[in-house]
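# Geometric and topological summary
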Amino acid sequence: MAKKTQLYFCSECGTETSKWSGQCPACKEWNTLVLAPTDSKGNAVKRNTFGAVSEVKSFSEVSLTAEDGMDSGISELNRVLGGSIVRGSLILVGGDPGIGKSTLLLQMCKHLSDMNRNVLYVSGEESLRQIKLRAERIGEFSDNLKLVSDTNLDDIREHVLNLKPDVLVIDSIQTMCLSGVESAAGSVSQVREVTQVLLRLSKEENIATFIIGHVTKEGTVAGPRMLEHMVDTVLYFEGDNSSSYRILRAVKNRFGSTNEIGVFEMYSGGLKEVLNPSEHMLEGMPEDEPGSVVTCIMEGTRPMLVEVQALVTKTAFNMPRRTAAGTDYNRVNLLLAVMEKHMKIHYSECDAYINVAGGMKVTTPSLDLPVIMALFSGYTGTPLPHKTIVFGEVGLTGEVRAVTQPLSRVLEAEKLGYEHCVLPYASLVSVKNSGTKTNIDLIGVKNIKDLRDIFKDVR
């Protein structure tokens, strides 16, 4: 009798081994080796990436056509994907429950079907009636959209081969199961093997496939970590349940940049694109209040204005409190130390609270100077004028360093009616040498010691 073979694979890096151990021999992670799926005879199932024999071609023989990219009908989604949906790509969309993942992809399906694209929407979590009830909030759908409620991937594969859709949506990957794998749906083995089948199907049939994934408490996609390595693009849909704004962010993209974001607003009819996020982020901002500073951050090629708030009060404790919401806590402590050293301000006697308004999470170096000016304004009780914008990186010696794309930031501020811009002196020179004429008053800063004069000059 032939001996049954067993294989273990690492859920983090995918390394296969014949023996189990507490630590992966490749990536050195602990407790990540799991038993590979077995067939009916108990032997380990070997994976094949593609079913057909591959064909060797020279680089010049590979042709590209306009049909290799499809317009999703949602400009914010196109921006994050790199311009369009690439045929044959496998795209993973993750996010918290109820954040709007299914709604976003259902709206995309509506636009694609209206453009005479054949779309197959597969749901393992809802019945066809439930899908239609949810879709009626969005609008009328054409017959180019086909719906399937099933969890058996073998049957789904037959539907795909018969319908030959342009776009396939799987909602969600944790509900799908493969008959040859002897484990429950959502397990590491099932998610791994199901994704392999979908990857092979999308490449062989040239179908753009979107798969929705649940997330863990840590905010990462549930299942094996190697799931993110298998797909072409990983998108995260983020947002606060108490806020109507949603942000779509790419953490991996083989066909575009991972720096772009898409901004949406949730309302009763689905998701609405926010084409000018700066205006929405600054709604309700107080005027002439100490501790309030407006800055411009870059999300990919898009400039976005956000408000930085600082509250500085006398401490009632031996150890002053430090709180940072929306930015790096350790960076705020570092900037407080720089101010104490070079501006001779005794923050050791004060509690300091920093907040980036609008629920944004900003960790770029260009936030340094706005945080320092907000802290200085909150400490002295001197507000900046309402029409002033600030950006710049600050070093440990108090120098103000240049930031990327200063001209784009200045033009965005001018477009929204700002009159003064405090920026690094090196960036000021770069803006003037660009040849672009601006009417905004540019104030260059070389060191944070100059900030006391800046407050007087801009008023």
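Look up a bit, the structure's there.
All figures in this text were calculated on a predicted structure; none of them were measured in a lab. (Residues numbered from 1 in each chain as written. Predicted model: local features only at pLDDT ≥ 70, side-chain atom pairs only at ≥ 80, totals over all residues. Heavy atoms only, no water.)

Another point: the state of the cysteines. Per the stated rule, a full pass over the model turns up zero disulfides. Of all cysteine sulfurs in the structure, the one in Cys 421 sits closest to Cys 296, which takes part in no disulfide; the separation is 8.6 Å. Of the residues examined, Cys 296 reaches a relative accessible area of 0% and is grouped as buried. (Disulfide = S-S within 2.5 Å. Buried < 20%, exposed > 50% of the residue type's maximum accessible area, 1.4 Å probe, protein only.)

Summarising the element assignment, Arg 246 is placed in strand E12 (residues 245–253). A distance of 2.9 Å separates a polar side-chain atom of Arg 246 from the backbone oxygen of Ile 99. (Helix = DSSP H or I, 4+ residues; strand = E, 2+ residues; numbered from the N terminus. Polar contact = N/O pair within 3.5 Å; in protein donor to acceptor, adjacent residues only side chain to side chain.)

What follows covers helix H10 (residues 406–415). Buried within H10 we find Pro 406, Arg 409, Val 410, Glu 412 and Ala 413. In a view along the axis of H10, the buried residues occupy a sector of 160°, so they form one face of it. Looking at the residues trailing H10, positive phi occurs at Gly 417, about 90°. (Arc of directions from axis to C-beta.)

Pairing is antiparallel in the open sheet, where three strands are placed in the order E2-E1-E3. Since the sheet does not close on itself, it has two edges, and those belong to strand E2 (16–17) and strand E3 (33–35), each with one partner. Two strands pair when backbone bridges link them, and strand E1 (residues 8–10) and E2 are joined in this way by two bridges, in the antiparallel orientation. Following the sheet pairing, Tyr 8 is matched in E2 by Thr 17. Against the sheet, helix H5 (residues 188–205) touches E1, E2 and E3, its axis set at about 80° to E1. (Pairing = 2+ DSSP bridges. Contact = heavy atoms within 4.5 Å. Axes fitted to C-alpha atoms, helices over the stretch in contact; angles between N-to-C directions.)

Attention now moves to helix H4 (residues 153–163). The complete set of buried residues in H4 reads Leu 153, Ile 156 and Val 160. All buried residues of H4 project into a common sector of 55° when viewed along the axis, lining one side. Structurally, H4 contributes buried residues whose contacts are with strand E7 (119–123), strand E9 (167–171) and H5. Its side-chain oxygen placed 2.9 Å from the backbone nitrogen of Asp 154, Asn 152 serves as the N-cap of H4. Following H4 by one or two positions, Lys 164 adopts a phi angle in the positive range, close to 50°.

All right, on to the sheet that holds strand E13 (residues 261–267) then. Taking strand neighbours across the sheet as the criterion, the nine strands line up as E8-E7-E9-E10-E6-E11-E12-E13-E14 in an open arrangement whose pairing is mixed. Both edges of this open sheet fall to strand E8 (145–149) and strand E14 (270–273), since each of them pairs with a single strand only. Between one strand axis and the next, the sheet turns through 25° on average, direction left out of account. Here strand E11 (residues 233–239) pairs with E12 via seven bridges, running antiparallel. Across the sheet, residue Gly 239 finds its bridge partner in E12, namely Arg 246. In the packing of helix H3 (residues 128–135) onto the sheet, contacts are made with E7, E8 and E9, and the angle to E8 comes to roughly 135°.

A separate point is the nonpolar core. Soluble globular proteins: nonpolar side chains tend toward being buried together. Within the largest apolar cluster, 44 residues are counted, with the highest numbers of intra-cluster contacts made by Met 360, Met 373 and Leu 375. Elements that contribute at least two residues to this core include exactly E13, strand E15 (292–299), strand E16 (302–314), helix H8 (329–342), strand E18 (350–356), helix H9 (368–380), strand E23 (441–445) and helix H12 (451–457). For this core, the leading source of residues is H9, giving seven residues. Ile 74, Ile 85, Ile 131 and Leu 145 belong to the second largest nonpolar core, which has 32 residues in total. (Core = buried A, V, L, I, M, F, W, Y, C linked by side-chain atoms within 4.5 Å.)

Assignment of secondary structure puts Val 308 in strand E16. Taking C-alpha positions, Val 308 is 8.6 Å from Leu 367, a pair spaced 59 residues apart along the chain. Sequence-distant contacts of Val 308, defined by excluding residues within four places in its chain, comprise Gly 291, Ser 292, Val 293, Thr 295, Ile 354, Asn 355, Leu 367, Pro 370, Val 371 and Ala 374.

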